[in-house]
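Listed below, chain by chain, are the residues.
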Amino acid sequence: MEQPISVTRSNFNDWMVPVFAPANFIPVRGEGSRIWDQENKEYIDFAGGIAVNALGHAHPVAVNALTEQAKKLWHVGNGYTNEPVLRLAKQLTENTFADKVFFCNSGAEANEAALKLARKVGLDSGVAGKSGIVAFKNAFHGRTLFTVSAGGQPKYSQDFAPLPNGINHVAFNDLDAAKAVINEQTCAVIVEPIQGEGGVIPADIEFLKGLRALCDEFGALLIFDEVQTGVGRTGSLYAYMNTGVIPDVLTTAKALGGGFPVGAMLTTDKYAPHFSVGTHGTTYGGNPLASAVAGAVFEFINTPEVLEGVKHRHQYFLDALNTLNAEYQIFEEIRGQGLLIGCVLKAEYAGKAKDITTWAGEEGLLALIAGPDVVRFTPSLIIPEQDIDEGIARLKRALAKLAK
Ligand SMILES: *Cc1c(COP(=O)(O)O)cnc(C)c1O
């Protein structure tokens, strides 16, 4: 076989539309929670591909599902259904509140489907002007025009005006503010049970309960964006299960495919029929290859051992991070659930989260930020304790640089 073309990090600047600023090394292979770059330098992976690689890298369960399906059938188009997608739909509906599933390829697409469904339900209700969407400041729902508009971070939407209208943003965790804008014209409220990109900020249970009551009162759909919190990330299969609040629509993606692109919008028999034949669609959504991988990943994660393991690892991380913090006094607060952990920097280190992840990279650790002041960890749900120990040791060296 011919040698593949040799490429370097600087080629990113040569050929790629510059919407990202990737690290100055190129990962080339991974196994479990370790990754190696072109120079064969090893990294511990506390980033997990941004809450995606739930089983780490090259897990045999995912590799097997992918390769077995790859030999059979990749894609047939929506004129035909397929076995893997039906099995996955059965798993998702049997294990959640939902009765029906719409499959797509990403979190943004799942939210796009959810918001369009809500608009359609509002239209079908016959209530004039029932198209209002209530969303929250600092929220993140994806990068399509509708989802950046629903997101509560103007920096992601303002350059693309005119934006879809009818979206009202109020402060997260402020029930009175939500109450002031939810009315008969509201078709949906969209909320993350834990704001991920916005800084790993958990929603208060009373806030979510209040939103549920307001949605019931005014006939609006309650949409939980669980793209980041779903599929075991919090130690429960979905984060709504920790809250006692059941949404009408749930969106899931990221960890669902364990690294293979797939997304889904879950809803109930009450609302699903409003998306009738032809109302919405996608070419790749629900393809056999993605569905086979997601089915295997979902089955692996949805066991008491794995979910309990996430809770155990949460505590293990917290103990280690608190010990580090006792020495360096860098974090004001360590928050989050399961393996979605945010370390909020003290005021004197404001804006330094990116520097910390850069230094972590130099020390051989992949970590994330969630805004300028929060260092975020979303590792594999099955990361071994010895990899946590080693990653924390490398983080310690990075923090020592900051403390200097
Ligand atoms: C990542 C994320 C999205 C967007 O998902 P994509 O797959 O990047 O489109 C939406 N909502 C939340 C909460 C996310 O974390």
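Residues numbered from 1 in each chain as written. Predicted model: local features only at pLDDT ≥ 70, side-chain atom pairs only at ≥ 80, totals over all residues. Heavy atoms only, no water.

**Let's talk about the overall build of the chain**
1) Next: Secondary structure summary: the chain contains 12 helices and 17 strands in total.
2) Next: Relative to the compact-globule value of 22 Å for 404 residues, the chain shows a C-alpha radius of gyration of 21 Å, a close match.
3) Next: Each principal axis of the C-alpha distribution contributes one length, and for the chain these read about 60 × 55 × 45 Å.
4) Next: For the chain, the share of sequence-separated contacts (at least 6 apart) that also reach a separation of at least 24 residues comes to 71%.
5) Next: Mean positive and mean negative side-chain charge positions of the chain (34 and 44 charges, respectively) differ by 2 Å. (Helix = DSSP H or I, 4+ residues; strand = E, 2+ residues; numbered from the N terminus. Rg over C-alpha atoms; globule rule 2.2 N^0.38 Å. Contact = heavy atoms within 4.5 Å. Lys, Arg positive; Asp, Glu negative; His and termini not counted. Charge placed at Lys NZ, Arg CZ, Asp CG, Glu CD.)

**What about the packing of helix α10 (residues 304-328) against helix α12 (residues 385-403)?**
1) Next: Two numbers describe how α10 lies on α12: the axes approach to 11 Å, and their chain directions differ by 25°. Our classification of the angle between α10 and α12 gives roughly parallel. Handedness of the crossing formed by α10 with α12: right-handed. Here His 312, Arg 313, Tyr 316, Phe 317, Ala 320, Leu 321, Leu 324, Glu 327 and Tyr 328 of α10 come into contact with α12, specifically with Glu 385, Ile 388, Asp 389, Ile 392, Leu 395, Lys 396, Leu 399, Ala 400 and Ala 403.
2) Next: Of the residues in the contact of α10 with α12, the class split is 12 nonpolar, one polar and five charged. (Axes fitted to C-alpha atoms, helices over the stretch in contact; angles between N-to-C directions. Parallel < 35°, antiparallel > 145°, perpendicular 65-115°, else oblique. Left-handed = near helix turned anticlockwise from the far one by under 90°. Nonpolar A, V, L, I, M, F, W, Y, C, P; charged D, E, K, R; others polar.)

**Focus on the site of the ligand**
1) Next: In the vicinity of the ligand, the contacting residues are Ser 106, Gly 107, Ala 108, Asn 111, Phe 140, His 141, Gly 142, Glu 192, Asp 225, Val 227, Gln 228 and Lys 254.
2) Next: Take Gly 107: an N or O atom from its main chain is 2.8 Å from an oxygen atom of the ligand.
3) Next: Protein contacts shield 81% of the accessible area of the ligand, which totals 390 Å² for the unbound molecule.
4) Next: Among the elements that take part in the shell around the ligand, helix α5 (residues 107-124) stands out by supplying three residues, more than any other.
5) Next: In the shell around the ligand, the residues fall into three nonpolar, six polar and three charged. (Near = heavy atom within 4 Å. Polar contact = N/O pair within 3.5 Å; in protein donor to acceptor, adjacent residues only side chain to side chain. Areas by Shrake-Rupley, 256 points an atom, 1.4 Å probe, with all protein chains shown as cover.)

**Looking at the layout of surface pockets**
1) Next: By volume, the second largest pocket is sized at about 740 Å³.
2) Next: Lining the second largest pocket are 32 residues, with Asn 78, Val 101, Phe 102, Phe 103 and His 280 sitting closest to its centre.
3) Next: Elements with a minimum of two residues in the lining of the second largest pocket: α4 (83-94), β4 (100-104) and β12 (263-267).
4) Next: Element by element, the count of residues in the lining of the second largest pocket is highest for β4, at four residues. (1 Å grid on protein atoms, 1.4 Å probe; cavity = no way out; pocket = protein on both sides within 12 Å on 5 of 7 lines; lining within 4 Å. Points joined across faces, edges and corners; volume = space filled by probe spheres on them.)

**Observations concerning the environment of Val 127**
1) Next: Residue position: Val 127 is located in the loop between α5 and β5 (132-136).
2) Next: You can call Val 127 partly exposed: its relative accessible area is 31%.
3) Next: In sequence terms Val 127 and Val 189 are 62 residues apart; their C-alpha atoms lie 17 Å from each other. (Buried < 20%, exposed > 50% of the residue type's maximum accessible area, 1.4 Å probe, protein only.)

**Section: the sheet that holds strand β14 (residues 340-345)**
1) Next: Ordered by their spatial adjacency, four strands build an open sheet running β13-β14-β17-β16, and the pairing between neighbours is antiparallel. Sheet topology places β13 (331-337) and β16 (368-369) at the edges, where each strand pairs with a single neighbour.
2) Next: Its contacts with the sheet put α10 on β13, β14 and β17 (374-377), and the angle it makes with β13 is roughly 175°. (Pairing = 2+ DSSP bridges.)

**Notes on the sheet that holds strand β15 (residues 365-366)**
1) Next: Across the sheet, four strands lie side by side as β1-β2-β3-β15; this open sheet has mixed pairing. Two strands in the sheet have a free side with no partner beyond their single neighbour: β1 (27-31) and β15.
2) Next: Running at roughly 110° to strand β3 (residues 42-45), α12 makes contact with β2 (34-37), β3 and β15 of the sheet.

**Observations concerning the pairing of β2**
1) Next: Burial along β2 is two-sided: Arg 34 and Trp 36 and Ile 35 and Asp 37, pointing in opposite directions, are all buried.
2) Next: Bridge count for β1 against β2 is four bridges, and the pairing is antiparallel. If you follow Pro 27 over to β2, its bridge partner there is Asp 37.
3) Next: Adjacent in sequence and paired antiparallel, β1 and β2 are bridged by two residues, among which Gly 32 carries a positive phi angle near 60°.
4) Next: Bridging between β2 and β3 involves three bridges; their strand directions are antiparallel. Following the sheet pairing, Arg 34 is matched in β3 by Ile 44.
5) Next: Turn length for the β2-β3 hairpin, with the two strands adjacent in sequence and antiparallel, is four residues, and the turn residue Asn 40 shows positive phi of about 65°.

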